[in-house]
Amino acid sequence: MILRLIEEKGYARSVDIATGLSVSKPSVSVAMKQLREGGYIVMDKDNYITLTESGMEIAQRIYERHKLLTRILVMIGVDEQTAEDDACKVEHDISVKTFDAIRAVMARKDAEQN
């Protein structure tokens, strides 16, 4: 969500994360503390969130999963909002092996269309 917000708005704040994920602000505060302590984000004095290099690597990997899973769900007839919501649920739990297989199938499909 942090990466998505930065791409969409140019910045990320806890309140925007809470809204985007439909969770409480205290839940986001706890998560941001964990991410900060883990070295994945930094927060400036105005509470704007920036991903560290390691945070960016993880965010990009998860966001790639999110976009591809959303795309597949929409392709099979799931409405956009449900696809987005369901992709959020799956993107963190799917194994690397399974995601790599899905990505390979989609890459072949894309190559066939071009």
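Residues numbered from 1 in each chain as written. Predicted model: local features only at pLDDT ≥ 70, side-chain atom pairs only at ≥ 80, totals over all residues. Heavy atoms only, no water.

A. Structural view of the overall build of the protein chain. Scanning the protein chain from N- to C-terminus turns up six helices and two strands. Reading the protein chain from its N end, one meets helices and strands in the order α-α-α-β-β-α-α-α. When the backbone C-alpha atoms are referred to their principal axes, the protein chain occupies close to 50 × 30 × 25 Å. Out of the 114 residues in the protein chain, the part that is buried amounts to 27%. Residue pairs at least 24 apart in sequence account for 46% of intrachain contacts in the protein chain once pairs closer than 6 positions are excluded. Element-wise, carbon and sulfur atoms account for 54% of the exposed surface of the protein chain, whose accessible area totals about 7,500 Å². (Helix = DSSP H or I, 4+ residues; strand = E, 2+ residues; numbered from the N terminus. Buried < 20%, exposed > 50% of the residue type's maximum accessible area, 1.4 Å probe, protein only. Contact = heavy atoms within 4.5 Å. Areas by Shrake-Rupley, 256 points an atom, 1.4 Å probe, with all protein chains shown as cover.)

B. Region of interest: the environment of S22. Counting through the fold element by element, S22 comes out in the loop between α2 (14-21) and α3 (25-37). Under the relative-accessibility criterion, S22 is labelled exposed at 68%.

C. Spatial organisation of helix α1 (residues 2-9). When α1 is considered as a whole, its buried residues turn out to be I2, L3, R4 and L5. Its buried side turned inward, α1 meets α2, α3, β1 (41-43), β2 (49-51), α4 (53-75) and α5 (80-91). Downstream of α1 by a residue or two, G10 has a phi angle that is positive, lying close to 90 degrees.

D. The nonpolar core, seen in detail. Within the largest apolar cluster, 13 residues are counted, with the highest numbers of intra-cluster contacts made by I2, I17, M32, I41, I49 and L51. Elements with a minimum of two residues in this core: α1, α2, α3, β2 and α4. Among the elements that line this core, the one with the most residues is α1, at three residues. L68, I72, I94 and M106 belong to the second-largest nonpolar core, a separate cluster that totals seven residues. (Core = buried A, V, L, I, M, F, W, Y, C linked by side-chain atoms within 4.5 Å.)

E. Quick peek at the packing of aromatic side chains. Applying the stated criterion across every chain yields a total of one aromatic pair. With a centroid separation of 5.5 Å and 85 degrees between ring planes, the pair formed by Y11 and Y48 is classed as edge-to-face. Here Y48 lies in the loop between β1 and β2 and Y11 lies in the loop between α1 and α2, a separation of 37 residues in the sequence. Residue classification places Y11 among the partly exposed positions, given a relative accessible area of 28%. (Phe/Tyr/Trp six-rings, centres within 6.5 Å; stacked < 30°, edge-to-face > 60°.)

F. Summary view of the packing of α4 against α5. Between α4 and α5, whose axes approach to 8 Å, the crossing angle comes to 135 degrees. Taken together, the axes of α4 and α5 are oblique relative to one another. Here α4 and α5 pass one another in a crossing that is right-handed. For the pair α4 and α5, contact is made by I62, R65, H66, L69, T70, L73 and V74 and by E80, A83, E84, D86, A87, C88, V90 and E91, respectively. (Axes fitted to C-alpha atoms, helices over the stretch in contact; angles between N-to-C directions. Parallel < 35°, antiparallel > 145°, perpendicular 65-115°, else oblique. Left-handed = near helix turned anticlockwise from the far one by under 90°.)

G. Region of interest: the environment of Q60. Along the polypeptide, Q60 turns up in helix α4. Q60 sits in the partly exposed class, given a relative accessible area of 43%. Separated by 23 residues in sequence, Q60 and E37 place their C-alpha atoms 20 Å apart.

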